[in-house]
Amino acid sequence: MTGGRKLSVLGSTGSVGVNTVDLIEHHNAKAPGTYRVVALTAKANVRELAAQARRLQPAFVAVAEPSAYAELKQELGGTSIKLGAGGAAIEEAAAMESDWVMASIIGAAGLRPTLAAVSRGVTVSLANKECLVCAGDLFMKEVRRSGATLLPVDSEHNAVFQVLDARQSAAIESVTLTASGGPFRTWSVAEMAKVTPAQACKHPNYVMGAKISVDSATLMNKGLELIEAHHLFGTAPERLGVVVHPQQIVHCLVAYRDGSVLAQLGSPDMRTPIAYALGYPDRIAAPTARLDLAQVGQLSFEKPDLERFPCLALAQHALREGGAAPTILNAANEVAVEAFLAGKIGFSEIARVVEAALTACESPGRAPTSIDDALAIDAEARACAVKQLAN
Ligand code: MG
């Protein structure tokens, strides 16, 4: 196959990865050769990864989990596709020549590969939170150095990217991200204390992985998104806000000093922001449900309740604090959510563990100076959070 835009999808079996592959295939079916996939990577879901590889015929396919290599070889051995395993192979995939990279690896594991893609100065569509939450200053510095085009894929940040006029940055009064409020928006503190992992994973509007579903239920996800927005758009913490909007039709609001408020609207479907990133700077078709406001009928908005959702307040605190606080917040939250999903702690304990870790692990003023340093702070904070689980 020759011609076409060369793409790599890092984390192709997660929900963003699968939707990206879906859109690529949708467009290639209509106009063969529009996109040429050069590399696909996944953590360990070999079955899905191999199925995608057979359809898209990339040059290179890698799994992060070394133990999954044997199965990958069994699935794709004998084809012309080069195979790899382990962290270095994922970085190799990111470093391969391509014009556009979807960086949708979940967790701190996405840091190095995403940076490897960014350092090539190409277009990087960012769906990984950790790059900005754990090492935002370092990451954005590398984006500026390399001249990479960074396109946020998270629906709220993608929305801000679309309506924020960077030339008018001095005229921006506030940037507001909308939040669904999660499945416990109307629950009492007492009811929330008894929440089960299955209940927490039932997001009202999206089907997502367990970790991000729990983060949406605690509103930690919105807190992490505020930290991301601060780095992506250079917006000062005091100008960043959250409004709960259960219908998730409006994805952001950017207010200017003349009183104008620009919003981006759309049906809640990840394929819209992914299509925006895939087509950028052009707009390409996405086979999503069209927004019919008359049918939606009502849009409602409310203030987030920081008493019932203390994770959001903790994230806002970490954002204002800066330094290592966001890195610690994120690491402690991962430990706490994992413990909740494993049935070791209750839903309301997630915030307690994160708060205790922030107090116990914080090294004031210590901001990560390199990716290695950020990963070291992340590892220290995880160990510290594990100790808080028992308290
Ligand atoms: Mg989001």
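Residues numbered from 1 in each chain as written. Predicted model: local features only at pLDDT ≥ 70, side-chain atom pairs only at ≥ 80, totals over all residues. Heavy atoms only, no water.

### Notes on the pattern of salt bridges
Taken as a whole and assessed by the stated rule, the structure comprises 22 salt bridges. Between Glu225 and Lys222 there is a salt bridge; the shortest N-O distance is 2.7 Å. Taken as a pair, Glu225 and Lys222 lie in helix H12 (residues 220–233) at a separation of 3 residues, close to a single helical turn. Overall, the relative accessible area of 2% leaves Glu225 in the buried class. The residue Arg366 makes a salt bridge to Glu380 at a minimum N-O spacing of 3.6 Å. Pair noted here: Arg366 is in the loop between helix H17 (349–361) and helix H18 (371–390) and Glu380 is in helix H18, with a separation of 14 residues, a long-range link. A relative accessible area of 27% places Arg366 in the partly exposed class. Overall, the relative accessible area of 46% leaves Glu380 in the partly exposed class. Through salt bridges with shared partners, a single ionic network connects Lys129, Asp154, Glu156, Lys222, Glu225 and Glu228. (Salt bridge = Lys/Arg side-chain N within 4 Å of Asp/Glu carboxyl O. Helix = DSSP H or I, 4+ residues; strand = E, 2+ residues; numbered from the N terminus. Buried < 20%, exposed > 50% of the residue type's maximum accessible area, 1.4 Å probe, protein only.)

### Side note on the coordination of the magnesium ion
The protein atoms donating to the magnesium ion are Asp154 (OD), Glu156 (OE) and Glu225 (OE), with metal-donor distances spanning 2.1 to 2.2 Å. Each donor residue of the magnesium ion lies on one chain, and together they are spaced D-x1-E-x68-E. Of the two residues, Glu156 sits in helix H8 (residues 155–163) while Glu225 sits in helix H12, which places them 69 residues apart along the sequence. For the pair Glu156 and Glu225, one class covers both residues: buried. (Donors = N, O, S within 2.8 Å, 3.2 Å for Na, K, Ca; no water.)

### Some words on a nonpolar patch on the surface
There is a patch of nonpolar side chains on the surface, built from Leu265, Leu291, Leu293, Val296, Leu299 and Phe301 and spanning about 450 Å² of accessible area. For Val296, the location among the structural elements is in helix H14 (residues 293–296). Residue Val296 is classed as partly exposed on the basis of its relative accessible area of 33%. (Patch = residues over 30% accessible without salt bridge, like charges linked within 9 Å, V, L, I, M, F, W, Y side chains within 5 Å. Areas by Shrake-Rupley, 256 points an atom, 1.4 Å probe, with all protein chains shown as cover.)

### Section: the sheet that holds strand E7 (residues 149–152)
Here we have 7 strands laid out as an open sheet, ordered E4-E3-E2-E1-E5-E6-E7, and parallel in their pairing. In this open sheet, the two strands that pair with only one neighbour each are strand E4 (82–85) and E7. Direction aside, the axes of adjacent strands within the sheet are offset by 20° on average. This element, helix H4 (residues 87–95), spans strand E1 (5–10), strand E2 (35–42), strand E3 (60–63) and E4 of the sheet and lies at about 145° to E3. (Pairing = 2+ DSSP bridges. Axes fitted to C-alpha atoms, helices over the stretch in contact; angles between N-to-C directions. Contact = heavy atoms within 4.5 Å.)

### Here's the deal with the sheet that holds strand E10 (residues 250–256)
If you walk across this open sheet you meet the 4 strands as E9-E8-E10-E11, and the pairing is mixed. The outermost strands of the open sheet, each flanked by one partner alone, are strand E9 (240–244) and strand E11 (261–265). Averaged over all adjacent pairs, the angle separating strand axes in this sheet is 20°, with direction ignored. Bridge count for strand E8 (residues 172–179) against E9 is 5 bridges, and the pairing is parallel. Across the sheet, residue Ala179 finds its bridge partner in E9, namely Val244.

### Details of the nonpolar core
With 91 residues, the main nonpolar core has Phe139, Val254, Leu329, Phe347 and Ile350 as its most contacted residues. It is helix H16 (residues 325–341) that contributes the most residues to this core, 10 residues altogether. Looking at which domains feed residues into this core, each of domain 1 (5–152) and domain 2 (157–269 + 286–390) supplies at least three. Aside from chain neighbours lying at most four places away, what touches Phe347 is Phe184, Met192, Ala193, Val195, Ala200, Ala217, Thr218 and Phe340. (Core = buried A, V, L, I, M, F, W, Y, C linked by side-chain atoms within 4.5 Å. Domains from an automatic or database assignment.)

### Thoughts on the pairing of E8
Burial within E8 is extensive, with 6 of its 8 residues counted as buried. One ladder, built from 5 bridges, connects E8 with E10; its direction is antiparallel. If you follow Leu177 over to E10, its bridge partner there is Cys252.

### What to know about the domain arrangement of the chain
With domains assigned, the chain is organised as domain 1 (5–152) and domain 2 (157–269 + 286–390). A separation of 25 Å is found between the C-alpha centroids of domain 1 and domain 2. Tallying the contact residues gives 22 residues for domain 1 and 28 residues for domain 2. Where domain 1 abuts domain 2, roughly 2100 Å² becomes buried across the two surfaces, and 68% of that area is made up of carbon and sulfur atoms. When the buried surface of domain 1 facing domain 2 is broken down by residue, Lys129, Val133 and Pro152 rank first, second and third, together holding 31% of it. Taken together, the connections running from domain 1 to domain 2 amount to 3 salt bridges. Here Lys129 and Glu228 are joined by a salt bridge, their closest N and O atoms 3.1 Å apart. (Buried area = accessible area lost by both parts, 1.4 Å probe.)

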